[in-house]
Each structure stands twice: as structure tokens, then as C-alpha cells.
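Tertiary structure, described
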Amino acid sequence: MVKKLDLETLESWLWDSANLLRGHIDSSDFKNYIFGLLFLKRASDQFFEEAEIAANEEGITVEEAIEDEDFHRFFIPQVAWWREITKKTENIGQTIDKAFSAIEEYNSSLEGVMTAVHFGDSEKLPDKLLSRLLQHFNKHSLANSNLENPDILGNAYEYLIREFADDAGKKGGEFYTPKEVVQLLVKLIKPEAGNSIYDPTCGSGGMLIQSAHYIAEHGGMVGEFVDCTLKGQEKNLGTWAICKINMIVHNFKDSDIRKGDTLGSPKHIVNGELETFDRVIANPPFSLSQWWEAAEVDVKTDAKGKPISPKYNDIVSDEYGRFKYGIPPRGYGDMAFLQHMISVLKHDGKMGVVLPHGVLFRSGSEGKIRDGLLKDDLIEAIVGLPEKLFYNAGIAASIIIINKSKPKSLKDKVIFIDASNEYKEGSNQNTLMTENIEKIVSSYDALEDIDRYMRIVPMDEIVKNDCNLNIPRYIDTSEDEDIVDIEETLGHIEELKTIEKEIDEKLNTYLKELGFVL
């Protein structure tokens, strides 16, 4: 009996493929090529397995089953069959590009996904390199019958995303939020069966998938599917394609992932209005500058040729009325993302967002936006996270929980949790451990003050602090100083002086006995 592919072998095998590319392309681009080939191999292997199953069940030939699109999740034309591509010895990159185009032609749901990356640049990807890469991928079948269980493909895909993020360093933060932060965020907003879940800056889709996993773990399954809908938008074309494939390998084929700039052009619109959701979750780019692209198209210059910064307060105008609390400054897009998320949150919904600490205390327009959010009693909790948790930022970040229907016990109150000292230290990056996550979540759920860690602060106190939400204003984590007994200390000093005098006298006596004249 042939041993099936387990997760450890699968992860190791797939990661080795990246090593073949080292020295030829930038490590931050590995993911675009590896994920494309991975999907092509999986789709082709699965295509022929589906044909064999259909032939056995329907009493038809395999050839007939291959041709019938109804038997396939994705229809793979002959030009894209893996076994046909691996026969090529010349112009392999062009062959792969044609295969991707053909797959998109037959499968409208994949439009733009496969052709987001191009293999046809022979200087970057010569035939010799691509041939080695194809041979490497040819070692194992990715059909379901060869996998220990179908779920390991999704797990391996997540593993690759994490490894690629590690490999890319700071660039990794553009498409990946550390899994532990995602788990924490999901456990705080607690998505439920039947929920619609939305991420406006979804990256590779980790927050959406983790939300679905949370629902599944809490009994929210309908047959083999999780009872929820997943929707997201991603600006980076390559990352959007990775997210689409991520959803497919995790069996969320019906997820709705759009491409484009969420702030300038939100894509989830119903009857001309923003679509609303039960749960909204995101880790937007920290302090994005020049966040309103329409204002940056024709920037004027002064007499010296220096660009004149557009006045966002005068220029930014949103047809969906998302910025009701104020226009954020040009240099910090954090509050723009926050207000977009609030705009698409249902009246009984809950959202969680990771933002830099600056949004808690910066003044000016951000301060006015904060005043409005507090006046409408939207902020339920603020969690201070440790520094160096993210790939692209060494600064500490915070989680803000928004609840449009806060429970009576939390009306006109805000939960503050200072978890900045709860982490495992790493050389380049710190990590939230399971016990750190559980402590935050259990404290948040219990709704009881914990000395130096958590407080439920009344709105009056926040207003007295000029609506400044900087966590140290509400939770004092400084250590008590030892109380010094002055009299006791002076007495001890006198004792030391006496002892020192006795030692000097003895030393002088010994020196005289030895003939030294003092």
C-alpha cells in the first residue's frame, strides 16, 4: 500500500521548491511562482482523480469523464495538464503562461488569478531552472487519494505563507499577519454560525479563514461546509491571487474576494450602498500616508518645484459617507480604515482591528474622530499588544474592539487591557504564546478589573483625560518602589564606618611590625 502524503512531508517538499529559486529571483517574490505552480499541480491531479471517480460511478470511460465539465470542480484543458507541461524542454515559461490563461478561460471564477504572475521571462526563469522546478513538483501527486486527509493541503498552504513572510522580512507584513495575533482577534470578536465576515484589507485571507475555523470548532458546520460567508478586498494584485487560491485550497470556493483599493473604491456594494456584515476584522497597513489616491493624482508644486501637500479636509469627499467623524490627516490613514470598517458593520455586529498606538492619543483631526467614537459609545475594548509582533513594524500595536450594541454593563465604559509584557521574546520578532492569548480573552470575557492588567474605565474618567486613550493613563504597570528607612540606613552606615576604622587600625599595626614607617 502506497504511503499517503502527511503534513510534515508535504510542507518540507513544498518549501524545498523555494530553495530552487534562490539566487534567481527576490525572496519576496518566491510566493507568486510557487503558489501558481502548486495550484496548477493540484488542479491537474484532482481533475484526473475526479474523472476516474466519475467513470466508476457513472459507468462511462475515463476519456468521456474527462471531457464532461459537470464532473469537475475546475475544468482543466489539455494544454494545462501537468503531464503535458512536464514533457516540454524548451519555452517552458511560455507554456506555463498559456496553461494559466487556458484555465482562466474555462473557469470564470479564476479570472485574473492564474495570470497574476508570468513565467515567460526566460532571463529570470530559464528553461533549465523551470525544468528542475517541475521535476521537483512531480515527485508527489496532490490528488485527494494521495493525501493523508484533504485538509493538509490548506494547512501546508498556510505554512508556506508563513515561511514566505519570514523569508521576506519586512515585506512579509504586507500580506501576512502573525497567526497568533489573528487567533487573538478572532477569539475577541467571536464569529458565530450564519455570520457574514468581512476583511477590507484581507492580504492572503488568514483572518477570514481563522474566523471560519472558529465557527467550525464551535459546531457551526452544515454538512462538509462551514456555516458562514467570507468576503474581502485586497489592493495588491499578487496578494489577491494568493488569497483566492488560499480560499480554494481551504474549501471556501464561494468566498467573495475582490481586488482594489478599499478606501478609494470599495467593491462590496449592494443597491448602491455599502454591504454590511456581522463581523468585520482587519490589520490595515500601519499609518498609511497619501491614503486617498484621488487626491494624489495631480499634486501641484510651488515656485521651487516642491510638491504642495493636498489639503485632505478640503479634497476628500466620500460618496458613501464613511468619514462622518472626520477626515484623517494625509500622513495617517489608520482612522480612515477604522471608519470604513464601522460603516460596513451591522447595528448588532462586532469588529476588531489592529492599529498602531498613535490612534489612541494623536491630537488634531484624529483626536476629533476619537471624540466622536466615544460620544457614540462605539469603543468596547482596547488591548495593548507587545512590541515587535509584526513583520513590518517594531512598534507596539493595539487592538480596538468596536461594538454597536454594547451590553448594558458596558454602556459608557471602555475595557482597557495592557498585555504589552505578555509574550515570548525572540531575536527579531516576539510571539504571543497560547497562555498569553488565553489570559487576554478570559479577562475580556470575565469583565472584572485585574490589578496592573485590566480595567473597565467609566466614560467620565476618559473625558477628564480629554478622550486620550493611551493605555498607561488608565493602567499603571510601574513597580512599587522600596520604602527606605532613613534612620536604619544611617545607623548601618555608622556601623560600616566603625568596622572600617577597626580594619585600618589592625592593618597599620601589622605594617609597623613589618618595619614599614607610616
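For the structure itself, look to the data block above.
A brief look at the structure comes next. Note that this is a predicted model, so its numbers are computed, not measured. (Residues numbered from 1 in each chain as written. Predicted model: local features only at pLDDT ≥ 70, side-chain atom pairs only at ≥ 80, totals over all residues. Heavy atoms only, no water.)

**Section: the overall build of the chain**
From N to C terminus, the chain includes 17 helices and 13 strands. Relative to the 2.2 N^0.38 estimate, which gives 24 Å for 518 residues, the radius of gyration of the chain is 30 Å and therefore markedly larger than a compact globule would have. The principal-axis extents of the C-alpha atoms in the chain amount to approximately 110 × 70 × 65 Å. In the chain, buried positions account for 50% of the 518 residues. The long-range fraction of contacts in the chain, counting pairs at least 24 apart against all pairs at least 6 apart in sequence, stands at 73%. A total of about 26000 Å² of accessible surface is found on the chain, and carbon and sulfur atoms cover 47% of it. Within the chain, one finds 58 positive and 90 negative side-chain charges whose respective centroids are separated by 4 Å. (Helix = DSSP H or I, 4+ residues; strand = E, 2+ residues; numbered from the N terminus. Rg over C-alpha atoms; globule rule 2.2 N^0.38 Å. Buried < 20%, exposed > 50% of the residue type's maximum accessible area, 1.4 Å probe, protein only. Contact = heavy atoms within 4.5 Å. Areas by Shrake-Rupley, 256 points an atom, 1.4 Å probe, with all protein chains shown as cover. Lys, Arg positive; Asp, Glu negative; His and termini not counted. Charge placed at Lys NZ, Arg CZ, Asp CG, Glu CD.)

**Quick notes on the pairing of strand β5 (residues 256-259)**
Pairing of strand β4 (residues 229-234) with β5 involves 4 bridges; the strand directions are parallel. Opposite Glu234, over in β5, you have Lys259 as the bridge partner. The parallel pair β4 and β5 is bridged by helix α10 (residues 237-249), and the resulting crossover is right-handed. (Pairing = 2+ DSSP bridges. Right-handed = clockwise from strand over helix to strand, strands pointing away.)

**Things to note about a nonpolar patch on the surface**
Where nonpolar side chains cluster on the molecular surface, the patch consists of Val484, Ile486, Leu490 and Ile493 and spans about 380 Å² of accessible area. Here Ile493 lies in helix α17 (residues 486-513). (Patch = residues over 30% accessible without salt bridge, like charges linked within 9 Å, V, L, I, M, F, W, Y side chains within 5 Å. Salt bridge = Lys/Arg side-chain N within 4 Å of Asp/Glu carboxyl O.)

**Let's talk about helix α15 (residues 434-446)**
Counted at 1.5 Å a residue, the expected span for α15 with its 13 residues is 18 Å, and the 18 Å between its end C-alpha atoms agrees. Every buried residue of α15 is accounted for by Asn436, Ile437, Ile440, Val441, Ser443 and Tyr444. All buried residues of α15 lie within an arc of 165 degrees about the axis, which places them on one face of the element. Of the exposed residues in α15, the ones pointing more than 90 degrees away from its buried face are Thr434 and Glu435. Buried positions along α15 lie against α8 (179-189), β9 (345-356), β10 (379-384), β11 (397-403), β12 (413-418) and β13 (454-458). Trailing α15 by a residue or two, Leu447 shows a phi angle of about 55 degrees, which is positive. (Expected span 1.5 Å × (residues − 1). Arc of directions from axis to C-beta.)

**As for the sheet that holds β10**
With mixed pairing, 9 strands are arranged side by side in an open sheet as β5-β4-β1-β8-β9-β11-β10-β12-β13. Since the sheet does not close on itself, it has two edges, and those belong to β5 and β13, each with one partner. Between one strand axis and the next, the sheet turns through 15 degrees on average, direction left out of account. When β9 meets β11, the two strands line up antiparallel, connected through 7 bridges. Note on β11: the bridge partner recorded for Met351 is Ile402. The sheet strands contacting helix α9 (residues 206-217) are β1 (196-199), β4, β5 and β8 (277-282), and the helix crosses β1 at an angle near 155 degrees. Contacting β4 and β5, α10 crosses the sheet at an angle of about 170 degrees to β5. (Axes fitted to C-alpha atoms, helices over the stretch in contact; angles between N-to-C directions.)

**A short note on a negative patch on the surface**
Judged by side-chain charge, Glu500, Glu502, Asp504 and Glu505 come together as a negatively charged surface patch. With respect to the helices and strands, the residue Glu500 is situated in helix α17.

**A look at unusual backbone geometry**
The backbone phi angle of Asn251 is positive, close to 70 degrees, even though this residue is not glycine. Structurally, the position occupied by Asn251 is in the loop between α10 and β5. Of note, Asp377 is a non-glycine position whose phi angle comes to about 55 degrees, a positive value. With respect to the helices and strands, the residue Asp377 is situated in the loop between α14 (365-375) and β10.

**Description of the packing of helix α2 (residues 30-58) against helix α7 (residues 151-168)**
A pair of packed helices is characterised by two quantities: the angle between their axes and the separation of those axes. The N-to-C vectors of α2 and α7 enclose an angle of 165 degrees; their axes lie 10 Å apart at closest approach. Considering their axes alone, α2 and α7 lie roughly antiparallel with respect to each other. As α2 runs across α7, the sense of the crossing is right-handed. Facing α2, whose interface residues are Phe30, Lys31, Ile34, Phe35, Leu38 and Arg42, α7 presents Leu153, Tyr157, Leu160, Ile161, Phe164 and Asp167. (Parallel < 35°, antiparallel > 145°, perpendicular 65-115°, else oblique. Left-handed = near helix turned anticlockwise from the far one by under 90°.)

**Topic: α10**
The end-to-end C-alpha distance of α10 is 19 Å, a good match for the 18 Å that 13 residues give at a rise of 1.5 Å each. Among the 13 residues of α10, 11 are classified as buried, and the element is accordingly described as predominantly covered. All of the buried residues in α10 are Thr239, Trp240, Ala241, Ile242, Cys243, Lys244, Ile245, Asn246, Met247, Ile248 and Val249. Buried residues belonging to α10 abut α2, α7, α9, β4 and β5. Phi for Asn251, located one or two positions after α10, is positive at around 70 degrees.

**Thoughts on the side chain of Asn465**
Within the secondary structure layout, Asn465 lies in the loop between α16 (459-464) and α17. On the basis of relative accessibility, which here comes to 18%, the residue Asn465 falls in the buried class. Excluding residues within four positions of it along the chain, Asn465 makes contact with Arg473 and Tyr474.

**Concerning the packing of aromatic side chains**
Any aromatic ring pair is given by two values, namely how distant the centres are and how the planes are angled relative to each other. The full count for this structure, using the stated rule, is 20 aromatic pairs. With a centroid separation of 5.2 Å and 85 degrees between ring planes, the pair formed by Tyr33 and Phe119 is classed as edge-to-face. Highlighted residues: Tyr33 in helix α2 and Phe119 in the loop between α5 (92-106) and α6 (127-137), separated in sequence by 86 residues. The same class applies to Tyr33 and to Phe119, which are both buried. Judged by centre distance (4.5 Å) and plane angle (5 degrees), the ring pair of Tyr198 and Phe277 falls under stacked. (Phe/Tyr/Trp six-rings, centres within 6.5 Å; stacked < 30°, edge-to-face > 60°.)

**Describing the pairing of β1**
Because side chains alternate across β1, one face comprises the buried residues Ser196 and Tyr198, and the other comprises Ile197 and Asp199, equally buried. Relative to β4, β1 is paired through 4 bridges, and the arrangement is parallel. Counted as the bridge partner of Ile197 is Leu230 from β4. The pairing of β1 with β8 spans 2 bridges and is classified as parallel. Among the inter-strand pairings, Ile197 is bridged to a residue of β8, identified as Arg279.

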